[in-house]
Amino acid sequence: MSDFPTQLLINGQWLDGSGAKRLAIVNPATEETFAEVSSATADEIGQAAEAGQAAFESGWRDMPPGERTRLLRNLAKRIHENVETLAQLETRNVGKPIGDARWEADAGAKVFDYYAGAIGHLCGQTIPVARGGFDFTLRQPMGVIAAITPWNFPFLIACWKVAPALAAGNSVVLKPASLTPLTALMLGQLAQEAGLPDGVLQVVPGSGSEAGNALATHPLVRKIGFTGSTEVGATIMKLAADDIKRVSLELGGKSPNIVFADADWQRAAAESPMSVFANTGQDCCARSRMFIEQSVFDGFVDQFVAATESLKIGNPMDEATQVGPMVSAPQRELSESYIAGARDAGREIRTGGDRPNGGGFYLNPAVVTGVETEDRAWREEIFGPVVCLRPFTDETEMLREVNDTNFGLSGSVWSNDLSRALRVARQVESGVISINSHSSVHTEAPFGGFKRSGLGRDLGMSAMEACTEVKNIYVGE
Ligand code: NAD
């Protein structure tokens, strides 16, 4: 018996899934399998959808807002009290540095706190209509919402999906990524301890092709909140089409980091490595395309490489570690294929790109220069510790290159000329952009992408509103 849940949570019961294939849970730092988790079949997904609908209809939907607030605050408190347990589990499962894992678990508690408080602020409108009478809108919950989440920030993204959906009065069936289901299961356990009624939050690990597909096509599921790759996001949208299910999609990215010579570029050079190598580059917001103004390019690259080489890479349980292993062997091989492609094309690997000695799925962060705009490493989301830097001279041409991508999630602009920084920020085609900062995510503000980076927004009131339907009611005179 492990001291963390490994079964399916369906209607308040912990059950062994009947899926023949259990999910092997591997520690990326040691390559050891340390747990096995039940895998849900399509039948079990159906049971969860029905239990979610029953929980929705039998009380959660109509619960007084103050009571729902109280329960979600309890859950925030239980998460907060278990930050260390959650962080240890996440680090073992994902390989992320323990300090980052603690921050993410605590951020998950804050997400529940925020949406607990937001419940009293989800309002309709009164509308003066031409006919006279009285017209107003209600924001009503939808029913069962499916949350399908990726492996890179398993706990935090689960909280982003689950908290606004529950706060708005929906029930949720959460399917975590098959590589990393442990903290999602623990979220289910903490929700039970916090007093959430059975069936309001259910957690069903399983494969994307069986459990994910069954969830995305179940007739009782009214909305799919998905975070993952652009390819699977497009599949989800197709699966949702027949029933006109609502979807919100947070997908891939290839975000720019733009540094002008008038910026504090030394600071940008010192801070930028972690804007792409944090979470070992497995971050949808990774600023993996860097545009550096020509006049400071050489000096910037030297300082960027030095800052990269000073990063502490190693055992993620070590408090000082900044970059841990990648999540899996295939994910590392994928990154290595981009590095090999760049090398074969004669691009310069200024540092990294090799494996350190010893076990674990480690890969030293790679800094690549001399790339052309048609290179795969420049155009595609690598989702690993690889960054490409190019110089620019002309702002208009640079912006054309910045926007010459199908992605549009995040990015940064570094300049001490405020009007230039704002002008460029407005023209970058992305859902999120930071000036003189690498921060993309704020619980209170909308987060999501333009173009193939997604549809809809996580976080802020936008996410909660997107878990409701608007009903217009007219009262005649
Ligand atoms: P993925 O698309 O492979 O999987 C995401 C989830 O979808 C998993 O739970 C998976 O089991 C499920 N899934 C797979 N096939 C499915 C199907 N046919 N039907 C239903 N569900 C299915 O993504 P990943 O590899 O776990 O995560 C990495 C990707 O996620 C990257 O592209 C990254 O940029 C993106 N991401 C985006 C954000 C964001 O907020 N924009 C955040 C984190 C990660």
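All values derive from a computational prediction rather than experimental measurement.

Definitions and cut-offs
- Residues numbered from 1 in each chain as written.
- Predicted model: local features only at pLDDT ≥ 70, side-chain atom pairs only at ≥ 80, totals over all residues.
- Heavy atoms only, no water.
- 1 Å grid on protein atoms, 1.4 Å probe; cavity = no way out; pocket = protein on both sides within 12 Å on 5 of 7 lines; lining within 4 Å.
- Points joined across faces, edges and corners; volume = space filled by probe spheres on them.
- Helix = DSSP H or I, 4+ residues; strand = E, 2+ residues; numbered from the N terminus.
- Nonpolar A, V, L, I, M, F, W, Y, C, P; charged D, E, K, R; others polar.
- Domains from an automatic or database assignment.
- Contact = heavy atoms within 4.5 Å.
- Buried area = accessible area lost by both parts, 1.4 Å probe.
- Salt bridge = Lys/Arg side-chain N within 4 Å of Asp/Glu carboxyl O.
- Pairing = 2+ DSSP bridges.
- Near = heavy atom within 4 Å.
- Polar contact = N/O pair within 3.5 Å; in protein donor to acceptor, adjacent residues only side chain to side chain.
- Areas by Shrake-Rupley, 256 points an atom, 1.4 Å probe, with all protein chains shown as cover.
- Core = buried A, V, L, I, M, F, W, Y, C linked by side-chain atoms within 4.5 Å.
- Buried < 20%, exposed > 50% of the residue type's maximum accessible area, 1.4 Å probe, protein only.
- Expected span 1.5 Å × (residues − 1).
- Right-handed = clockwise from strand over helix to strand, strands pointing away.

Here we take up empty space enclosed by the protein. In this structure the tally under the stated criterion is six cavities of 30 Å³ or more. The calculated volume of the largest cavity comes to roughly 90 Å³. In terms of lining, the largest cavity is formed by 14 residues, of which the most central are Lys-161, Lys-223, Ser-248, Asp-458 and Cys-467. Of all the elements in the fold, those that place two or more residues in the lining of the largest cavity are strand E7 (144–148), helix H5 (154–167) and strand E10 (221–227). Looking at the lining of the largest cavity element by element, the count peaks at four residues for H5. Looking at the lining of the largest cavity residue by residue, the classes come out as eight nonpolar, two polar and four charged.

Okay, the domain arrangement of the chain next. Taken domain by domain, the chain holds domain 1 (8–251 + 452–475) and domain 2 (256–442). Distance from the C-alpha centre of domain 1 to the C-alpha centre of domain 2: 31 Å. With 27 residues of domain 1 in contact, the opposing surface of domain 2 contributes 28 residues. In this assembly, domain 1 packs against domain 2 so that about 2,200 Å² is buried in total across both faces, 61% of it on carbon and sulfur atoms. Its largest share of buried area at the contact with domain 2, domain 1 owes to Pro-97, Trp-151 and Ser-453, together 23% of the area lost on that side. Remark: the boundary between domain 1 and domain 2 carries one salt bridge. Elements with a minimum of two residues in the side of domain 1 that touches domain 2: helix H3 (83–94) and helix H4 (98–118). When residues in the side of domain 1 that touches domain 2 are grouped by element, the largest group, four residues, is from H3. Grouping the amino acids of the side of domain 1 that touches domain 2 by side-chain chemistry returns twelve nonpolar, eight polar and seven charged.

On to the sheet that holds strand E5 (residues 126–127). An order of E5-E6-E20 is seen for the three strands of this open sheet, with the pairing classed as antiparallel. Each of the sheet's edge strands pairs with one partner strand only, and the pair in question is E5 and strand E20 (468–475). Bridge analysis of strand E6 (residues 134–141) against E20 gives eight bridges, and the strand direction is antiparallel. Bridging across to E20, Arg-139 finds its partner in Val-470.

Around the ligand, a shell composed of 26 residues is seen, among which Thr-149, Trp-151, Ser-229, Leu-251 and Glu-381 lie nearest. A distance of 2.8 Å separates an oxygen atom of the ligand from a polar atom in the side chain of Trp-151. For the ligand, an oxygen atom lies 2.5 Å from a polar atom in the side chain of Glu-381. Calculation on the ligand without its partners gives an accessible area of 860 Å², and the protein chains cover 88% of this total. At the level of secondary structure, the elements contributing two or more residues to the shell around the ligand comprise helix H7 (208–217), E10 and helix H8 (230–241). Of all the elements, H7 adds the most residues to the shell around the ligand, at three residues.

One finds Ile-79, Phe-112, Tyr-115, Leu-166, Leu-174, Leu-187 and Leu-196 to be the most contacted residues of the largest nonpolar core, which totals 67 residues. For this core, the element with the highest residue contribution is H5, accounting for eleven residues. Two domains share this core, each providing at least three of its residues, namely domain 1 (8–251 + 452–475) and domain 2 (256–442). Beyond its immediate chain neighbours, meaning those up to four positions away, Leu-174 contacts Ala-147, Thr-149, Ala-158, Val-162, Ala-184, Leu-187, Leu-201, Gln-202, Val-203 and Val-204. Membership of the second largest hydrophobic core comes to 25 residues, among which are Ala-366, Cys-388, Phe-392 and Val-402.

Our focus in this paragraph is the pattern of salt bridges. This model, assessed by the stated rule, comprises 28 salt bridges. Here Arg-78 and Glu-81 are joined by a salt bridge, their closest N and O atoms 2.5 Å apart. Of this pair, Arg-78 and Glu-81 both sit in helix H2 (residues 65–81), three residues apart, which is roughly one turn of that helix. On the accessibility criterion, Arg-78 (25% relative accessible area) is partly exposed. For Glu-429, the salt bridge is made with Lys-451, and the minimal N-O distance between the two is 2.7 Å.

With 19 residues, helix H1 (residues 42–60) extends 25 Å between its outermost C-alpha atoms, agreeing within 8% with the 27 Å of an ideal straight helix rising 1.5 Å per residue. Buried within H1 are the following residues: Glu-44, Ile-45, Gly-46, Ala-48, Ala-49, Ala-51, Gly-52, Gln-53, Ala-55, Phe-56 and Trp-60.

All right, on to the pairing of strand E8 (residues 171–175) then. With five of its five residues buried, E8 lies for the most part within the structure. On the question of chirality, the crossover connecting E7 to the parallel E8 by way of H5 is right-handed. With helix H6 (residues 182–193) bridging E8 and its parallel neighbour strand E9 (residues 201–203), the resulting β-α-β unit is right-handed.

You can see Thr-41 is positioned in the loop between strand E4 (32–37) and H1. When neighbours within four sequence positions are excluded, Thr-41 is seen to be in contact with Ser-18, Gly-19 and Glu-210.

In this section: unusual backbone geometry. Residues apart from glycine generally show negative phi values, whereas peptide bonds are mostly found in trans. Despite not being glycine, Thr-280 shows a phi value in the positive range, around 55 degrees. Mapping Thr-280 onto the fold places it in the loop between helix H10 (273–277) and strand E13 (289–293). Non-glycine residue Asn-436 carries a positive phi angle of around 55 degrees. Mapped onto the elements, Asn-436 comes out in the loop between strand E18 (434–435) and strand E19 (454–455).

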